[in-house]
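Per-entry structural report
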Amino acid sequence: MFFPSRPGPKPWPNRKKQTNKSAICLCSVSLLAVLFLSVFFITYSEIPKSIFSISSAFSGSVEFPQCRSETLSRTLIGQRFLLYAPHSGFSNQLSEFKNAVLMAMILNRTLVVPPVLDHHAVALGSCPKFRVLSPSEVRVSVWNHSVELLRSGRYVSMGDVVDISSLVSSSAVRVIDFRYFASLLCGVDLETLCSGELAEQSQAYESLRQCGYLLSGVRGNVDGCLYGVDDDCRTTVWTYRNGGSDGRLDSFQADEKLKKKKKITYVRRRRDVYKALGRGSEAESAAILAFGSLFTAPYKGSELYIDIKKSSSVPEVKSLIEKVEFLPFVREVMSAGKRFATGTIKAPFLCAQLRLLDGQFKNHQESTFTGLNQKLESLSLKNPGLVHVFVMTDLPESNWTGTYLGDLAMNSTKFKLHFLREEDEVIVRTEKELASAAHGQKFGSIPMSLDSIKKMQKHCSPRKVSNVQLYVEEAVCSCASLGFVGTAGSTIADSVEMMRKFNACSS
């Protein structure tokens, strides 16, 4: 490590003149030390124990009994799985799920269907700024949050919310529910796993802790058992049979200013995912292939991480790309949206999706409102009567005063605003219906025993379903006959646009 050269020693000061200063300095240092220790212990006490226990064990020795053939569940022997770590909001997580379906099919692996994580419970960072968590760090965070969702009775599978029946019934991809997968791999009974009674000193908790070490890959790969993909969006753009591009530099690279600032010495390369992780690769023999994030988006003429949609020359991939382009909500959500549109709004309406508080969007409120204003002025000219507007926004109603939304609400002679609240009957009813339907438990390419099915049905239904308001709001917006105004750059707006493109409301 490089240390700057130190200046030469100075003459020793007069001790008498420095006595008071030294005492004051010593006292200040002591106070700072006490303050530092206090802050440390307060902070330590607030760190979730599941996360801290994994981090603190990095220096210890960890064995993985889950990988031994004599302890591995017979159901898992000979199977090959694909695991990944979703993050951020629901729309991002759904986008990652679609990419995971493609990866699982290309690599001929069974996809472990993850839970829907709490909004921004796990954050990746920024690919364009080359500032992201490593894949192993994301996997650790997702594992811990998944266990917390189970313990708190809030575990909801992506398959509970999004209709994946067309994918499974057509055998386009093989799937297994994360809960069943974790139960088999970790040797934890489903009743215990889903009961919320995982005591920290119990054998079940210790087994899950060991699984967390294994699947995160923080201690490296395990021959024949786990291969952790550590190539992320800073270095890699995954492709598939895309001509002779394998190994070539991607068109998007860090600029010189960013390279100097972050001391970046690596480059981004386009890599064929099948050549790197498929047949004949080091990863092929691993029972579990674990990715970090699978989020991608167009950026400066390229893709941030995955560029497979151009592989239309491969019939199977082309067919699957078409299938996953739009995955609708389950019928309970769509029915709720239609009921609200026809039973509460009862008129043609415009949907306005206004993201105003989160991240970059809070700095662009004026431009967001300008777009809505222009659309409403156009509608007012065409329809002299009352214009109905359904509003979905992260800005609480109590904060509308002094904003364009507040002005619209006051102008009741020209506009009638409609919106949903968590306590509304349609939301509460839909939450109960989703918990009862448990669609995610019905899909699985690996047969479950009758006992496992009964335990899953009895113990694994959630006591609380999050994000239901968002799901129903998107469903309502898909039914807006007067059009849709979304927030530029919002993945929620992209999701609604996709629903409208595929006529989700009328299907």
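Note: the structure precedes this text.
Let us look at the structure shown here. As the structure is a computational prediction, the values presented were derived from the model and not from experiment.

The number of helices and strands found in the protein chain is 19 helices and 15 strands. When each of the 507 residues of the protein chain is scored for burial, the buried share is 49%. In the form shown here, the protein chain has an accessible surface area of approximately 26000 Å², with 54% of it arising from carbon and sulfur atoms.

With that out of the way, let us pick up the side chain of His-418. Tracing the backbone shows His-418 in strand S14 (residues 415-418). Each residue touching His-418, except ones within four places of it in the same chain, is listed here: Phe-340, Thr-344, Ile-345, His-388, Val-389, Phe-390 and Val-391.

Turning next to the environment of Thr-110. Positionally, Thr-110 belongs in strand S2 (residues 110-113). A residue is classified by how much of its surface remains accessible, and Thr-110, at 0% relative accessible area, is buried. Each C-alpha atom of the pair Thr-110 and Phe-81 lies 4.6 Å from the other, and the pair is 29 residues apart in sequence. In this structure, Thr-110 is in contact with Gln-79, Arg-80, Phe-81, Leu-82, Arg-174, Val-175 and Ile-176, ignoring residues within four places of it in sequence. At a separation of 3.1 Å, a polar atom in the side chain of Thr-110 contacts the side chain of Arg-174.

Formed by 129 residues in total, the largest nonpolar core has its most connected members in Phe-90, Leu-111, Trp-238, Leu-277, Phe-291 and Phe-390. Ranked by residues supplied to this core, first place goes to helix H3 (residues 90-106) with nine residues. With residues near it in sequence (within four places) discarded, Leu-111 still touches Leu-82, Tyr-84, Phe-97, Ala-100, Val-101, Ala-104, Val-173, Arg-174, Val-175 and Ile-176. Core analysis: the second largest hydrophobic core is formed by 19 residues, Leu-350, Leu-372, Leu-376 and Leu-395 among them.

Taken as a whole and judged by the stated rule, the model has five disulfides. Between Cys-127 and Cys-233 runs a disulfide, and the two sulfur atoms are separated by 2.1 Å. Measuring the twist about the S-S bond at about -90°, one finds the Cys-127-Cys-233 disulfide to be left-handed. One end of the pair, Cys-127, is in the loop between strand S3 (125-126) and strand S4 (131-132); the other, Cys-233, is in the loop between strand S6 (226-228) and strand S7 (236-239), and 106 residues separate them in sequence. Neither Cys-127 nor Cys-233 differs from the other in exposure class; each is buried. One disulfide bridge connects Cys-194 with Cys-460, the sulfur atoms lying 2.1 Å from each other. Looking down the S-S bond of the Cys-194 and Cys-460 bridge, the torsion is 80°, so its handedness is right-handed. On the criterion of sequence distance, the pair formed by Cys-194 in helix H8 (residues 190-195) and Cys-460 in the loop between helix H17 (450-459) and helix H18 (468-477) is long-range, its members being 266 residues apart.

On to the environment of Pro-348, then. The topology assignment puts Pro-348 in the loop between helix H13 (331-345) and strand S12 (349-354). Taking C-alpha positions, Pro-348 is 9.0 Å from Cys-479, a pair spaced 131 residues apart along the chain.

Attention now goes to empty space enclosed by the protein. Counted under the stated rule, the structure contains six cavities of 30 Å³ or more. In this structure, the largest cavity encloses a volume near 140 Å³. Counting only elements with at least two residues in the lining of the largest cavity, the list comes to helix H4 (135-151) and helix H9 (203-216). Examining the composition of the lining of the largest cavity, we find that four residues originate from one element, H4, more than from any other. Split into classes, the residues belonging to the lining of the largest cavity amount to twelve nonpolar, two polar and one charged.

Once that is clear, we can look at the sheet that holds strand S9 (residues 288-290). Across the sheet, five strands lie side by side as S5-S2-S1-S9-S6; this open sheet has parallel pairing. Both edges of this open sheet fall to strand S5 (175-177) and S6, since each of them pairs with a single strand only. Taken pair by pair, the neighbouring strands of this sheet meet at an average axis angle of 25°, ignoring direction. As paired elements, strand S1 (residues 81-83) and S2 share two bridges and run parallel to each other. Looking across to S2, one finds that Phe-81 is bridged to Thr-110.

Below, the discussion takes up the sheet that holds strand S15 (residues 484-485). One open sheet holds the four strands; their spatial order is S14-S13-S12-S15, and the pairing between them is parallel. Each edge of the sheet is formed by a strand with only one pairing partner; in this case those strands are S14 and S15. Relative to S14, strand S13 (residues 387-393) runs parallel, the two sharing four bridges. What sits directly across from Phe-390, in S14, is His-418. Of the strands in this sheet, S12, S13 and S15 touch H18, which is tilted by about 150° from S13.

What counts and how
Residues numbered from 1 in each chain as written. Predicted model: local features only at pLDDT ≥ 70, side-chain atom pairs only at ≥ 80, totals over all residues. Heavy atoms only, no water. Helix = DSSP H or I, 4+ residues; strand = E, 2+ residues; numbered from the N terminus. Buried < 20%, exposed > 50% of the residue type's maximum accessible area, 1.4 Å probe, protein only. Areas by Shrake-Rupley, 256 points an atom, 1.4 Å probe, with all protein chains shown as cover. Contact = heavy atoms within 4.5 Å. Polar contact = N/O pair within 3.5 Å; in protein donor to acceptor, adjacent residues only side chain to side chain. Core = buried A, V, L, I, M, F, W, Y, C linked by side-chain atoms within 4.5 Å. Disulfide = S-S within 2.5 Å. 1 Å grid on protein atoms, 1.4 Å probe; cavity = no way out; pocket = protein on both sides within 12 Å on 5 of 7 lines; lining within 4 Å. Points joined across faces, edges and corners; volume = space filled by probe spheres on them. Nonpolar A, V, L, I, M, F, W, Y, C, P; charged D, E, K, R; others polar. Pairing = 2+ DSSP bridges. Axes fitted to C-alpha atoms, helices over the stretch in contact; angles between N-to-C directions.

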